[in-house]
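Chain residues, written in single-letter form:
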Protein chains: 2
Amino acid sequence: MKAIPDAEYQMRMTRFQANIKAAGLDAALVHSNEADFANVRYLTEYWPTFETAGVFVPAEGPPILLIGPESENYARGRSKVTNIEMMVEYRESADPEYPGIPVATFADVAAKALPGRTLHRLGLVGTTILPLPVYESLQRDLPGVELVKADDALSDLRSIKSDTEIALMREAFRISEIAVEAILNEIKPGMTELQAIGIAQREIYANGGEYEGHALYCFGGPATSNAISRPTHRPLKAHEIIQVNIGARVGGYSSSVGLPISFGPLPVEQKRLVEFGLEAHFKTLELLRAGRPAAQVVLDYERFVEERGFSEYMLYGPCHGIGMMEVERPWMESSSEYELQENMTFQVDTFFCSGGEFGLRWENGVRITRDGAEKLSSRFMKLVEL
Amino acid sequence: MKAIPDAEYQMRMTRFQANIKAAGLDAALVHSNEADFANVRYLTEYWPTFETAGVFVPAEGPPILLIGPESENYARGRSKVTNIEMMVEYRESADPEYPGIPVATFADVAAKALPGRTLHRLGLVGTTILPLPVYESLQRDLPGVELVKADDALSDLRSIKSDTEIALMREAFRISEIAVEAILNEIKPGMTELQAIGIAQREIYANGGEYEGHALYCFGGPATSNAISRPTHRPLKAHEIIQVNIGARVGGYSSSVGLPISFGPLPVEQKRLVEFGLEAHFKTLELLRAGRPAAQVVLDYERFVEERGFSEYMLYGPCHGIGMMEVERPWMESSSEYELQENMTFQVDTFFCSGGEFGLRWENGVRITRDGAEKLSSRFMKLVEL
């Protein structure tokens with residue numbers, strides 16, 4: 001089982017159309033690109049590459065997939081939405097002109113999606129990545145139409161996972177753990193950070209993954225103080241923290257398993273922070289349960305860290321949503337205004353750093369249950385000194 | 001040698017600032033995301049992940065790198081531009097709030113970059129990917145400032161490659177060829193398309209690559225008719241075209257080597273198109289030379305294909321720019337208005353398909369010279385029946 005069944009795609013579209021109607025919108029335009037692929041794929045299974053993609057969804061009636069001029073055969077073979085229009089707004093970023101290839105406009109698309117009806121209010125979904133050419137064309141081709149940010153209409157649906165979605169996530173985490181194990185078995189001092197990534201990539205694809213769940217992490221020394229970073233050609237060394245975060249993607253669902261490791265013992269101060277990080281990681285797991293306010297989890301976590309005297313090492317935490325994207329809504333922040341619900345899925349993401357010198361991240365996935373949190377990964381929740 | 005030297009980054013910035021001034025602009029705002037990373041990395045070496053990035057470049061004086069709130073340590077360790085501001089507009093697409101973390105506005109940035117001067121005209125670079133939050137903040141925080149599309153100010157610089165850039169591209173193509181060779185040695189019927197990709201990923205990282213140059217291709221059967229596609233869990237079969245396009249990235253420079261292969265002989269009609277494709281591929285190589293109008297290359301190629309009776313199988317071609325992105329400006333189209341210049345680099349990209357049934361792509365990189373085209377890859381320009 002490596003895919004969402006057709007009936008689930010139909011149900012998603014029905015529910016999304018209900019949300020569009022409830023928001024007082026006549027239609028919604030959903031946007032994705034090859035990296036930020038989730039919204040369009042959630043509704044259609046289509047996952048663009050090189051080009052971008054949209055879905056124009058009327059409050060009632062058949063939706064239309066919008067693609068670039070080169071993706072026609074690919075989209076016809078993959079998309080669950082069978083009405084497809086090619087538009088120059090979804091072409092490659094290198095901006096080809098495609099002389100002679102016919103394309104549609106948003107006015108054409110709106111007329112097809114809303115036959116005999118007038119478009120007054122159009123919701124925009126994926127607004128953080130909606131690019132200028134799409135926005136300008138909407139303003140030019142749909143004069144007088146009110147453009148309304150409507151990300152919640154889809155992200156609320158995406159935040160509660162179905163049994164099928166959770167099965168895909170379990171599989172993605174299983175493959176991530178295989179890839180982490182291969183790294184632990186094969187890395188040695190002198191190997192570069194990027195060469196370690198190659199071990200994980202090999203295992204992800206060999207074991208049924210379709211892609212990395214995020215740009216993979218393996219880096220040592222001062223780079224471990226980076227909340228976000230990329231692996232380099234730097235050789236791995238003994239007696240320093242090496243941060244490993246490996247995520248596979250399966251059927252559109254992402255995962256990540258993160259742990260700090262070392263060759264031989266770490267200096268005392270580093271080991272102390274690594275061990276406290278793991279303790280804080282387990283503390284978060286205790287705090288998660290359906291019905292709890294997300295902000296309360298954050299406040300309880302922050303108080304725990306403060307009482308133990310580690311606040312100066314804390315940048316943020318302790319959880320963010322995961323699903324199709326390795327980081328997706330909802331975040332868990334002190335300003336969050338929602339309660340945890342059964343079948344929400346989160347990354348427990350425990351990051352601490354000591355200035356720019358060193359840092360560590362423990363990261364595992366969970367599914368929220370009525371009684372607590374079910375772990376989607378758990379094999380690497382212990383200190384590893386190779 | 002795996003990186004552009006600092007002096008070259010300084011020269012790029014100087015030239016870009018000259019272009020900004022020549023365009024009558026007071027400053028330019030350059031945008032990149034993790035997938036479409038090239039513009040910001042060209043100027044700063046910084047390559048975002050999860051978050052996005054910008055560079056605010058005044059016509060004179062020091063530029064400022066703009067990042068999301070989580071990337072500070074990473075950016076300080078990597079960016080050649082040392083003035084760095086964190087802004088909420090460059091945060092992750094999942095839209096965290098970051099309560100309590102201080103961020104700058106575009107008004108703050110403009111004041112720092114243009115001390116004592118007034119910003120009248122701001123050029124935008126990377127407009128095909130510039131997202132709504134950046135655009136809305138510019139309109140809100142810089143009222144009265146004229147926003148001007150200025151992609152040419154940077155893409156013209158990027159289109160002529162330095163010796164260092166060409167050395168990095170040669171290395172990327174060398175690794176791509178190693179990865180293709182590994183696939184040819186190891187794939188067999190019954191292996192999935194995605195498992196073949198894992199072989200290439202392993203070789204890219206083991207041999208000094210920093211990432212894939214593009215989402216890698218390996219797919220068989222009807223999917224070969226897709227100009228753009230993605231590998232799947234479909235098993236590879238004998239006696240059908242299997243399209244392989246593998247690209248490594250080194251030091252920010254991308255490559256791709258593409259060829260159709262098969263297990264055992266192909267049906268006559270498929271083999272005929274594969275062989276004609278290779279002939280057309282060599283024809284394009286003959287047509288390239290500094291001083292030739294790009295549009296003339298396209299017209300000559302199209303006439304060759306027509307005279308040989310294969311026009312119905314042609315979707316587009318025959319070349320697109322390559323450099324940091326595997327597909328970047330300039331495209332070579334019948335509407336192109338530029339002449340080929342020495343040290344422009346192109347992918348000779350020869351794609352033919354028979355309806356939705358089958359297709360093939362031959363693809364190799366070249367550097368334009370005064371006398372012709374120097375191949376950056378050439379090991380796999382022959383029919384391979386395994």
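Residues numbered from 1 in each chain as written. Chains lettered and ligands numbered in written order. Predicted model: local features only at pLDDT ≥ 70, side-chain atom pairs only at ≥ 80, totals over all residues. Heavy atoms only, no water.

## What about the packing of helix 7 (residues 163–186) of chain B against helix 8 (residues 193–206) of chain B?
Residue and element names in this part refer to chain B.
So, step 1. Two elements in contact, helix 7 and helix 8, have axes separated by 8 Å at closest approach and are oriented at 140°. Considered as vectors, helix 7 and helix 8 are oriented oblique to each other. In the packing of helix 7 onto helix 8, the handedness of the crossing is right-handed. Here I175, I178, A179, A182, I183 and E186 of helix 7 come into contact with helix 8, specifically with A196, I199, A200, R202, E203 and I204. (Axes fitted to C-alpha atoms, helices over the stretch in contact; angles between N-to-C directions. Helix = DSSP H or I, 4+ residues; strand = E, 2+ residues; numbered from the N terminus. Parallel < 35°, antiparallel > 145°, perpendicular 65-115°, else oblique. Left-handed = near helix turned anticlockwise from the far one by under 90°. Contact = heavy atoms within 4.5 Å.)

## Some words on the nonpolar core
So, step 1. Grouped together as the largest cluster of nonpolar side chains are 217 residues, with contacts concentrated most on F16 and M332 of chain A together with F16 and M332 of chain B.
So, step 2. Those residues in contact with M332 of chain B that sit more than four places away from it in its chain are L288, A294, V297, V298, G317, P318, C319, H320, Y338, L340 and F346 of chain B.
So, step 3. Of all hydrophobic cores here, the second largest spans 46 residues; its members include F106 and V134 of chain A together with L124 and V145 of chain B. (Core = buried A, V, L, I, M, F, W, Y, C linked by side-chain atoms within 4.5 Å. Buried < 20%, exposed > 50% of the residue type's maximum accessible area, 1.4 Å probe, protein only.)

## Brief notes about the interface of chain B and chain A
So, step 1. Listed by partner, the interface residues are 67 residues for chain B and 67 residues for chain A.
So, step 2. Taken together, both faces of the contact between chain B and chain A bury some 6,100 Å²; the carbon and sulfur share is 57%.
So, step 3. Our enumeration of links across chain B and chain A arrives at four salt bridges.
So, step 4. With its nearest N and O atoms 3.0 Å apart, the salt bridge here joins D95 of chain A to R329 of chain B.
So, step 5. The interface formed by chain B and chain A includes 30 residue pairs in polar contact (both at pLDDT 80 or more).
So, step 6. If you list the elements that add at least two residues to the side of chain B that touches chain A, you get helix 3 (72–78), helix 5 (132–141), helix 8, strand 7 (211–212) and strand 14 (328–332) of chain B.
So, step 7. Among the elements that line the side of chain B that touches chain A, the one with the most residues is helix 8 of chain B, at eight residues.
So, step 8. Looking at the side of chain B that touches chain A residue by residue, the class counts come to 28 nonpolar, 20 polar and 19 charged. (Buried area = accessible area lost by both parts, 1.4 Å probe. Salt bridge = Lys/Arg side-chain N within 4 Å of Asp/Glu carboxyl O. Polar contact = N/O pair within 3.5 Å; in protein donor to acceptor, adjacent residues only side chain to side chain. Nonpolar A, V, L, I, M, F, W, Y, C, P; charged D, E, K, R; others polar.)

## Description of the environment of E34 of chain A
So, step 1. The topology assignment puts E34 of chain A in the loop between strand 1 (27–32) and helix 2 (38–44).
So, step 2. Sequence spacing of E34 of chain A and P48 of chain A is 14 residues, and the spatial spacing of their C-alpha atoms is 5.1 Å.
So, step 3. When near neighbours in sequence (up to four residues on either side) are disregarded, E34 of chain A contacts W47, P48, T49, F50 and E51 of chain A together with A35 and R230 of chain B.
So, step 4. In this structure the side chain of E34 of chain A is engaged in a polar contact, spanning 3.0 Å, whose partner is the backbone nitrogen of F50 of chain A.

## Examining unusual backbone geometry
Comment: phi is negative for the bulk of residues other than glycine, and the bulk of peptide bonds are trans.
Residue and element names in this part refer to chain A.
So, step 1. A cis amide bond, omega -5°, links G317 with the succeeding residue P318.
So, step 2. You can see P318 is positioned in the loop between helix 10 (294–307) and strand 13 (319–321).
So, step 3. Here the residue pair R329 and P330 is connected by a cis peptide bond, since its omega of -5° sits within 30 degrees of zero.
So, step 4. By the secondary structure assignment, P330 is in strand 14 (residues 328–332).
So, step 5. Backbone geometry at H239 places phi at a positive 60°, although glycine is not the residue there.
So, step 6. By the secondary structure assignment, H239 is in the loop between strand 8 (217–220) and strand 9 (242–246).

## Concerning the pairing of strand 12 (residues 257–262) of chain B
Residue and element names in this part refer to chain B.
So, step 1. Most of strand 12 sits out of view: six of its six residues are buried.
So, step 2. Burial along strand 12 is two-sided: V257, L259 and I261 facing one way and G258, P260 and S262 facing the other are all buried.
So, step 3. As defined by bridge partners, strand 9 (residues 242–246) adjoins strand 12 across five bridges and the pair is classed as antiparallel. Directly across from Q243, in strand 12, lies its bridge partner P260.
So, step 4. Here strand 12 pairs with strand 18 (residues 384–385) via two bridges, running parallel. (Pairing = 2+ DSSP bridges.)

## Examining the sheet that holds strand 4 (residues 84–86) of chain A
By definition, the strands of a sheet pair up through backbone hydrogen bonds, in either a parallel or an antiparallel sense.
All names here are of chain A.
So, step 1. Spatially, six strands are ordered 4-3-2-1-5-6 in an open sheet, and the strand pairing comes out mixed. Bordering the open sheet on either side are strand 4 and strand 6 (146–149), each of which pairs with just one other strand. Within this sheet the neighbouring strands show an average axis-to-axis angle of 25°, counted without direction.
So, step 2. Bridging between strand 5 (residues 121–125) and strand 6 involves four bridges; their strand directions are parallel. Bridge assignment links R121 to a residue of strand 6, and that residue is E146.

## So, the relation of the copies chain B and chain A
So, step 1. Superposition record for chain B on chain A: RMSD 0.0 Å, screw rotation 180°, translation along axis 0.0 Å. Each copy turns onto its partner about a two-fold axis. Closest approach to the rotation axis within chain B is made by the C-alpha atom of P131 of chain B, at a distance of 2.2 Å.
So, step 2. Looking at the interface residues of chain B, 100% of them are also at the interface in chain A, so both copies use one shared face. (Least-squares fit on C-alpha atoms with pLDDT ≥ 70 in both.)

## Description of the side chain of Q17 of chain B
Residue and element names in this part refer to chain B.
So, step 1. Its place among the elements puts Q17 in helix 1 (residues 6–22).
So, step 2. By relative accessible area, which is 13% here, Q17 ends up buried.
So, step 3. A distance of 2.8 Å separates a polar side-chain atom of Q17 from the backbone oxygen of P58.
So, step 4. Not counting residues within four places of it along the chain, the set of residues in contact with Q17 comprises V57, P58, A59, E60 and G61.

## Points about the sheet that holds strand 5 (residues 121–125) of chain B
Residues and elements named next belong to chain B.
So, step 1. Taking strand neighbours across the sheet as the criterion, the six strands line up as 4-3-2-1-5-6 in an open arrangement whose pairing is mixed. The open sheet has two free edges, formed respectively by strand 4 (84–86) and strand 6 (146–149), since each of these has just one partner strand. Strand after strand, the sheet turns through a mean of 25° between neighbouring axes, direction not considered.
So, step 2. Relative to strand 4, strand 3 (residues 64–67) runs parallel, the two sharing three bridges. Bridged to L65 within strand 4 is I84.

So, to be careful, I would describe these as geometric facts and stop short of saying anything about function.
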